[in-house]
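One letter stands for each residue in the lines below.
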Amino acid sequence: MAVSRIADRFARVEPRLRAGRLVLGLLSDLPRKNCWTIAEWAGERTPHGMQHLLCRASWDADAVRDDVREYVVEHLHDEEAVLVVDETGDLKKGTHTVGVQRQYTGTAGRIENSQVAVYLVYAGARGHAAVDRELYIPRSWTCDADRCRAAGLGEDTVFATKPELARTMIERFLDAGHHVGWVTGDEVYGGNPKLRTALEERGIGYVLAVACSAEVSTSAGTFRTDALAKKVPKRAWQKLSAGRGAKGQRFYDWAVIDLAVSAPGKRQLLIRRNRTTGELAYYRCHSTEPIPLTALVKVAGSRWRVEETFQTEKGLAGLDEHQVRRYASWTRWVTLAMLAHAFLAVVRADEHARHPAPDALVPLSCNEIQRLFITVVVQPLHDVAHRLGWSDWRRRHQARSRTSHYRRQAACRT
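Since we're looking at a predicted model, the values are computed, not measured.

A closer look at the overall build of the protein chain
Each helix and strand in the protein chain was counted, giving 15 helices and 12 strands. Relative to a compact globule of 414 residues, whose C-alpha radius of gyration would be 22 Å, the protein chain shows 24 Å and is just as compact. The principal-axis extent of the C-alpha atoms belonging to the protein chain is close to 75 × 60 × 40 Å. When burial is assessed residue by residue, the protein chain has 48% of its 414 residues classed as buried. Partitioning the contacts of the protein chain with sequence separation of at least 6, the portion at a separation of at least 24 is 63%. Only carbon and sulfur atoms are counted for the fraction: they give 49% of the accessible area of the protein chain, which is about 21000 Å². Separation of charge centres in the protein chain, based on 61 positive and 48 negative side chains, amounts to 6 Å.

Some details on the pattern of salt bridges
The final tally for this structure, using the stated rule, is 26 salt bridges. Measuring nitrogen to oxygen at the nearest pair gives 2.7 Å for the salt bridge that ties Glu 80 to Lys 298. Of this pair, Glu 80 sits in the loop between helix H4 (61–75) and strand E1 (82–91) while Lys 298 sits in helix H11 (residues 293–301), and the two are 218 residues apart along the sequence. Look at Glu 80 and you get exposed, because its relative accessible area is 53%.

Here we look at the environment of Arg 45
One can find Arg 45 in the loop between helix H2 (35–42) and helix H3 (48–55). The exposure class assigned to Arg 45 is exposed, which follows from its relative accessible area of 74%. The sequence separation of Arg 45 and His 386 amounts to 341 residues, and the corresponding C-alpha distance is 7.6 Å.

Considerations on helix H14 (residues 366–378)
For H14, the complete set of buried residues consists of Cys 366, Ile 369, Gln 370, Phe 373 and Ile 374. Taken around the axis of H14, the buried residues stretch over an arc of 120°, which confines them to a single face. Turned more than 90 degrees away from the buried face of H14 sit Thr 375 and Val 376, all of them exposed.

Section: H3
For H3, the complete set of buried residues consists of Gly 49, Met 50, Leu 53 and Leu 54. Taken down its axis, H3 places every buried residue within 135° of arc, on the same side. Where the residues of H3 are buried, they touch helix H1 (13–27), H2 and helix H13 (327–354).

Looking at the environment of Arg 284
Position of Arg 284 among the secondary structure elements: in strand E12 (residues 280–287). Expressed as a C-alpha distance, the spacing of Arg 284 and Val 207, which sit 77 residues apart in the sequence, is 5.8 Å. Beyond its immediate sequence surroundings of up to four residues, Arg 284 is in contact with Gly 190, Arg 196, Tyr 206, Val 207, Leu 208, Val 210, Glu 215, Val 216 and Gln 268.

Describing the pairing of strand E11 (residues 266–273)
Counting buried residues along E11, six of its eight residues qualify, which places the element largely inside the surrounding structure. Direction of pairing for strand E10 (residues 248–258) relative to E11: antiparallel, over a ladder of six bridges. Note on E11: the bridge partner recorded for Asp 258 is Gln 268. As paired elements, E11 and E12 share eight bridges and run antiparallel to each other. Note that in E12 the partner of Lys 266 across the bridge is Ser 287. Remark: six residues form the turn of the hairpin made by E11 and E12, two consecutive strands paired antiparallel; Gly 278 in that turn has positive phi of roughly 80°.

What counts, and where the lines are drawn
- By convention here, each chain's residues receive numbers from 1 onward along its written sequence.
- Side-chain atom pairs in this predicted model are given and counted only at pLDDT of 80 or more, local residue features only at pLDDT of at least 70, and totals for whole chains, interfaces and linings cover all residues.
- To get the side-chain values, take all heavy atoms of the structure and skip hydrogens and water.
- In this text, helices come from DSSP runs of H or I with a minimum length of four residues, and strands from runs of E with a minimum of two, each type numbered from the N-terminal end.
- Within these notes, the globule rule equals 2.2 Å times the number of residues to the 0.38 power, and the radius of gyration is based on C-alpha atoms.
- Summary of the burial criterion: residues with accessible area below 20% of their type's maximum are buried, those above 50% are exposed, and those between are partly exposed, where the area comes from a 1.4 Å probe applied to protein chains only.
- In this analysis, two residues are considered to be in contact whenever any of their non-hydrogen atoms come within 4.5 Å of each other.
- For the accessible areas, the method is Shrake-Rupley and the probe is 1.4 Å, while residue cover comes only from the protein chains on display.
- In this charge count, Lys and Arg are treated as positive and Asp and Glu as negative; neither His nor the chain ends contribute.
- For this purpose, a charge sits on NZ of Lys, CZ of Arg, CG of Asp or CD of Glu.
- Take a side-chain nitrogen of Lys or Arg and a carboxyl oxygen of Asp or Glu: if they are within 4 Å of each other, that pair is a salt bridge.
- Each direction from the helix axis to a C-beta atom contributes to the arc, which is the arc of those directions.
- DSSP bridges decide pairing: two strands pair if at least two such bridges lie between them.

As structure tokens, then:
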């Protein structure tokens with residue numbers, strides 16, 4: 001299993017074995033995944049061991065992150081793979097969880113008390129999985145040294161925008177010796193000129209979404225993207241698929257406009273039109289050499305892979321179910337969740353390649369692989385004494401918490 005890839009990151013056998021049990025717990029069919037539920041599922045007597053693994057045990061989550069990246073690239077390798085950057089939010093209560101504040105998150109579709117992280121996803125023909133992560137730390141945190149210190153952040157923590165975090169991860173991927181031809185992302189990243197410039201300097205092509213109000217330069221002058229779209233003649237639109245979806249090919253109308261070039265490479269504005277509603281979307285594109293429209297459309301269509309990755313990581317691997325407050329614990333939880341999901345993605349890719357599904361069956365999905373793996377391979381069985389012991393543990397903890405709350409309340413009254 002993929003856990004063997006990270007074994008050398010643990011100096012002691014106890015945390016190494018416990019990390020394996022935590023990954024299996026993340027892949028389990030538990031309705032809620034946290035240190036308590038996974039510890040009980042794994043047969044441990046209390047959650048202390050799992051909590052110690054995330055909080056205080058000696059191991060390097062960034063080194064494990066690098067192992068996840070190598071594992072994904074090795075097994076899902078594709079010469080035409082695309083790196084996709086995007087952020088996702090986890091709804092959180094309170095104010096002490098690292099990075100949390102009231103901010104917009106696409107998870108809720110509105111401003112909520114949440115924690116937001118940026119992820120880098122490797123997307124190829126064989127599959128897709130996250131290979132890096134960076135937690136977004138708002139200015140309200142970086143301006144408060146005491147708050148950062150309490151959450152386990154270094155005193156030298158500085159504010160970084162989401163595009164800056166994306167650039168850090170992309171450069172880390174490239175500096176590790178991996179090659180990729182394209183990067184794609186939404187308007188948060190397409191609207192950032194520093195990120196675009198950094199990609200151009202590394203010779204990386206991009207297809208990045210931009211707002212309808214974004215201004216671009218052409219040989220005829222500078223225009224808003226929505227104004228340029230109105231100038232596109234009917235014959236310039238082409239019906240092309242952005243890739244296969246759950247209900248078949250995702251067809252849109254596409255057009256491309258050449259932009260003014262002030263540096264090496266080719267710059268274009270790609271426009272997508274919904275064939276039903278007429279809604280338009282815009283992408284700034286850069287390539288080191290002329291690229292056909294079909295290639296740009298393929299890259300643009302890869303952006304949906306990140307949504308599928310988030311859905312699977314959260315639904316099957318517990319990415320968003322952590323109940324930790326400190327930064328180190330967050331990095332460890334999400335990194336192991338990334339490993340759990342990468343395992344599913346790799347098994348899926350290998351099964352599709354080695355054992356193609358007959359016509360009467362759909363190909364194995366990550367969901368089905370998880371069910372088979374847990375029920376057939378690692379489903380733990382525990383006796384009544386184990387279940388009753390955990391019931392006693394929960395009730396004792398709840399009693400201590402209730403007593404603590406009552407004492408605090410009484411102290412406030414006096």
